[in-house]
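Here are the chains, one letter per residue:
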Amino acid sequence: MVGRVGNAKLHVSLGWYNLAENAAKRVSLFSSTAAQAIPYLSDPIGEDQLIAYRTKSVEVFYELDKARVIEILRKLRKEPQTALSFFHNTKNHGFLHDVDTYATILQILSNSGLNLKLRSLLEEMVSSQEDLSFDIVAIFDSLSQKSWHSRVLVQVFDMLVKVYVGFGMFDKAISLFFHSGDYAFCPHERSCNFLLNSLIDHGKLEMARAFFNELKRWKLPNVYSFTILIKFLCKEGNWDEAINILREMEDMGVKPDAFTYATLIHGMCLCGRCDSAYQLLQKIRISGVELGNISYNVVIQGFCKEARLQQAEVVLEDMKMQGVTPDIRSYSGLIYEYCKHGNCSRAFSLYDDMVSKGIKSNCVIVSFFLQSFSQLGMASETLTFFKRFRESGIFLDKVSFNIVIDALCKQGNMGQATELFQEMKNRRLDPDAIHYTCLINGYCQHGELDEAHKIFIDMLEAGIIPDIVTYNTLLSGYCRNGYAKETYNLLNFMLDHGLNPNDVTYSTAIQGFCRGGNVKEAEVLFKMLAKRGFTQSEVICTAMINGYCEAGYAAEAHKLFIYLSKQGICVDQSACSKLIISLCKEGELVKAFKTFEMVLELDVTLDEFAYSKLIAAHSREGNMMKAWQVYENSVQRGVPTDVIIYTALINGFCKAKQLRKASNLFNEMKAKGVKPDVVTFTVLLDGHLKECICQAGAKVETGEHGKARSLELLDEMMHLGIERDVVCYTVLIDGHFKIDGVKDALDLFVNMMDRGLAPDVVTYRALVSGYLRQGDNAKAWDLVDEMIVKGIDLDKDTISSLYCEIQKARRMRF
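Residues numbered from 1 in each chain as written. Predicted model: local features only at pLDDT ≥ 70, side-chain atom pairs only at ≥ 80, totals over all residues. Heavy atoms only, no water.

## A closer look at the packing of helix α17 (residues 293–305) against helix α18 (residues 309–321)
When two helices pack together, their arrangement is given by the angle between the helix axes and the distance between those axes. Here α17 crosses α18 at 165 degrees, and the two axes come no closer than 7 Å. When the axes of α17 and α18 are compared, the pair comes out roughly antiparallel. Note that α17 runs across α18; the crossing there is left-handed. Packed against α17, whose contacting residues are Asn 293, Tyr 296, Asn 297, Val 299, Ile 300, Phe 303 and Cys 304, the element α18 presents Leu 309, Gln 311, Ala 312, Val 315, Leu 316, Asp 318 and Met 319 at the interface. The class makeup of the residues in the contact of α17 with α18 is 10 nonpolar, three polar and one charged. (Axes fitted to C-alpha atoms, helices over the stretch in contact; angles between N-to-C directions. Helix = DSSP H or I, 4+ residues; strand = E, 2+ residues; numbered from the N terminus. Parallel < 35°, antiparallel > 145°, perpendicular 65-115°, else oblique. Left-handed = near helix turned anticlockwise from the far one by under 90°. Contact = heavy atoms within 4.5 Å. Nonpolar A, V, L, I, M, F, W, Y, C, P; charged D, E, K, R; others polar.)

## Here's the deal with a positive patch on the surface
A cluster of basic residues, Lys 585, Lys 613, Arg 620 and Lys 655, forms a positive patch on the protein surface. Relative to the helices and strands, Lys 613 resides in helix α35 (residues 608–620). Overall, the relative accessible area of 35% leaves Lys 613 in the partly exposed class. (Patch = residues over 30% accessible without salt bridge, like charges linked within 9 Å, V, L, I, M, F, W, Y side chains within 5 Å. Areas by Shrake-Rupley, 256 points an atom, 1.4 Å probe, with all protein chains shown as cover. Salt bridge = Lys/Arg side-chain N within 4 Å of Asp/Glu carboxyl O. Lys, Arg positive; Asp, Glu negative; His and termini not counted. Charge placed at Lys NZ, Arg CZ, Asp CG, Glu CD. Buried < 20%, exposed > 50% of the residue type's maximum accessible area, 1.4 Å probe, protein only.)

## Concerning the side chain of Thr 730
Its place among the elements puts Thr 730 in helix α41 (residues 726–738). Ignoring sequence-local partners within four residues, the contact set of Thr 730 consists of Asp 760, Val 762, Thr 763 and Ala 766.

## Some remarks on unusual backbone geometry
Although it is not a glycine, Ala 307 sits at a positive phi angle of roughly 60 degrees. Accessibility expressed as a relative area gives 45% for Ala 307, which makes it partly exposed. Look at Asp 603: it is not a glycine, yet its phi comes out positive at around 60 degrees. Along the chain, Asp 603 falls in the loop between α34 (589–601) and α35.

## Quick look at the packing of aromatic side chains
Inspection of every chain in the model, using the stated rule, returns 26 aromatic pairs. A connected cluster of aromatic rings, assembled from ring pairs, spans Phe 348, Tyr 351, Phe 369, Phe 373, Phe 385 and Phe 389. Here the guanidinium or amino end of Lys 162 rests over the ring plane of Phe 194, the centre of that ring lying 5.9 Å away. For Arg 388, the ring lying beneath its charged end belongs to Phe 389, and the centroid distance is 5.9 Å. (Phe/Tyr/Trp six-rings, centres within 6.5 Å; stacked < 30°, edge-to-face > 60°. Lys NZ or Arg CZ within 6 Å of the ring centre and 35° of its normal.)

## Regarding empty space enclosed by the protein
If a probe the size of a water molecule is rolled over the atoms, the empty space left behind becomes visible. Taken as a whole and assessed by the stated rule, the structure comprises one cavity of 30 Å³ or more. Quantified by volume, the largest cavity comes out at close to 40 Å³. Together, Asp 686, Leu 689, Lys 690, Ile 693, Val 731, Asp 734, Gly 735 and Lys 738 line the largest cavity. Those elements that place two or more of their residues in the lining of the largest cavity are α39 (678–695) and α41. In terms of residue class, the lining of the largest cavity is made up of three nonpolar, one polar and four charged. (1 Å grid on protein atoms, 1.4 Å probe; cavity = no way out; pocket = protein on both sides within 12 Å on 5 of 7 lines; lining within 4 Å. Points joined across faces, edges and corners; volume = space filled by probe spheres on them.)

Here it is in structure tokens:
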């Protein structure tokens with residue numbers, strides 16, 4: 001149809017006449033004349049002519065103006081779909097609709113309940129506002145002038161607000177509210193609440209505040225409006241203002257409902273104010289407002305998230321006493337937290353209480369128990385309770401099955417894991433990629449690669465598409481077990497099926513080869529990736545260095561690290577830390593310290609284990625200057641100084657005969673809340689006893705001070721509840737023998753045996769050496785015989801030590 005507004009001649013295509021005929025048939029007018037069937041044609045035509053037009057592509061000309069369009073639309077008001085089609089057809093063929101024709105079709109759609117069509121038309125108007133000859137707001141002028149029912153105005157208004165929000169035009173939506181008074185109708189409360197909630201959800205917080213203030217001025221906000229604002233304030237953490245809003249709400253005569261209170265209580269719990277939330281709940285209850293279990297559940301969940309489980313149980317008991325019926329949510333949080341913390345007995349007690357009250361359990365709560373048993377390494381218990389829950393009639397979902405299958409796989413019980421997997425399929429619970437991957441991982445972990453491959457094939461045949469985790473799991477298994485050919489075949493299979501191996505895939509393969517002792521294969525893969533440019537990846541380079549370190553190839557790892565650093569490629573913290581630890585382990589302290597300096601230049605922070613190893617290694621070598629330098633750097637970088645680091649430094653200072661520094665560090669660690677362990681005390685005791693031995697002949701008062709300090713340390717150990725171990729007793733026995741405390745040394749030995757501690761070769765060596773120095777060779781050799789009877793090996797160090805002591809004893813007697 002082509003034409004223009006006014007008394008324009010429009011030629012109507014065949015399609016429109018078909019539509020007109022269908023409309024006529026529905027109103028049973030087509031049986032008379034064409035004038036009755038199509039009353040909107042200016043020049044009526046006969047039925048025979050209309051039939052001719054349906055069979056031939058002939059166009060008919062007639063005049064159409066705005067008044068006629070409105071008239072036709074009104075006559076089609078009982079046929080809203082036809083009216084809308086007519087409206088769009090005239091527009092598509094050139095008729096320019098104005099504010100009145102739009103108002104007419106909107107009124108028809110509103111009265112007909114075609115909300116989706118109404119919204120679609122308004123969206124079209126908003127998106128093409130520039131093409132319209134009027135401002136959309138003028139629609140309400142036209143609607144109000146025609147004296148149509150205010151319900152139409154409200155409905156169009158509500159829908160236009162939603163459309164504006166959908167387009168993100170919040171300023172337009174608010175402006176629409178401001179102009180609503182001009183058209184003598186009041187917006188519906190649901191529109192107000194919808195816009196307010198949308199503003200908050202989209203982060204338009206200032207606009208939300210301003211809009212809410214206007215709603216108060218218009219006296220429009222209801223209980224839901226206030227609740228929305230309270231929810232918003234609670235999300236901001238501004239619960240004080242939320243309480244003020246609650247008071248303001250009451251002042252305006254708007255009575256809060258249970259949902260309003262629950263929203264405020266929930267917000268307070270989110271802010272970590274569970275105690276205040278519980279106090280508010282009690283005040284509300286005293287005021288006579290009936291609170292359902294929602295508010296109680298919110299407080300219980302809040303205390304659970306703070307791991308304050310006893311307080312959560314207090315609320316649960318209070319809930320019961322007030323006659324509020326608990327539901328499954330009242331118990332689930334507590335059961336989950338107790339399971340999470342390994343307290344399954346208390347979790348089961350609550351579970352039994354829940355069931356006794358007629359509250360049905362579900363698979364989610366069952367999974368809490370199963371997951372807890374699995375994490376505690378209790379695979380048999382996991383299976384036992386799985387069967388118990390299954391026999392009780394509780395529906396167990398795929399998650400529950402997977403937890404048990406995973407537990408059995410970790411235990412190595414692949415037979416039962418496979419049976420359970422089959423049972424799951426028999427129950428028509430279709431396994432997904434996670435279940436198949438779990439079985440594959442189980443077989444890989446236990447070296448059954450053929451079975452793992454079969455599961456992979458079954459997975460493909462079942463139509464389950466393996467994800468990257470599945471491939472990485474199988475690749476790791478192949479690599480660890482030296483299946484190089486299968487590894488490359490699987491990589492190619494991935495590519496053939498449109499899944500590109502990522503950095504994690506290749507790093508898994510590299511580390512898998514190294515862990516399986518196939519370092520050469522890892523190097524081949526790494527070099528192949530280097531040709532493809534993959535070695536620019538931090539993940540892959542990190543994997544190669546980690547792999548070298550785990551395989552005991554510290555020198556190769558160091559060379560690669562130097563090369564990568566020169567290329568500007570930085571590996572992550574784990575690789576740097578492992579490299580330094582490996583170099584320290586192999587005694588390469590110079591390389592380790594240089595690597596440490598390079599790592600600092602790269603601004604990588606090592607983990608505390610690497611710091612402790614580096615400090616300990618230099619302390620053993622007596623290089624306390626470098627050990628202290630490493631320690632100071634760890635403090636500057638905020639690395640937690642644990643008992644291992646402190647003990648390593650204290651040991652170094654004791655060996656360097658700098659007991660004052662060692663004692664100062666000991667006091668510092670206690671002041672910082674780091675509790676010393678038996679090793680720390682043993683190191684200090686050894687230092688002070690050796691000081692006694694060195695000073696025994698020169699300065700008696702110094703030796704006495706050392707003895708006194710040793711006794712103080714032993715008292716402190718007892719006060720802290722730290723038990724002496726074999727090493728600690730050995731240090732004490734050796735020290736007392738060397739300062740002529742034979743009786744004390746023997747008493748210590750007896751005390752050690754009474755405590756059930758078996759002396760080792762070092763303890764016997766200390767005793768034998770002590771007797772030899774005292775000239776009691778008979779007892780010394782008795783102890784040697786005792787060592788042989790007990791099966792304690794006389795290693796080269798022990799034999800050499802005994803020989804030296806015998807020579808010393810002879811020289812002393814001579």
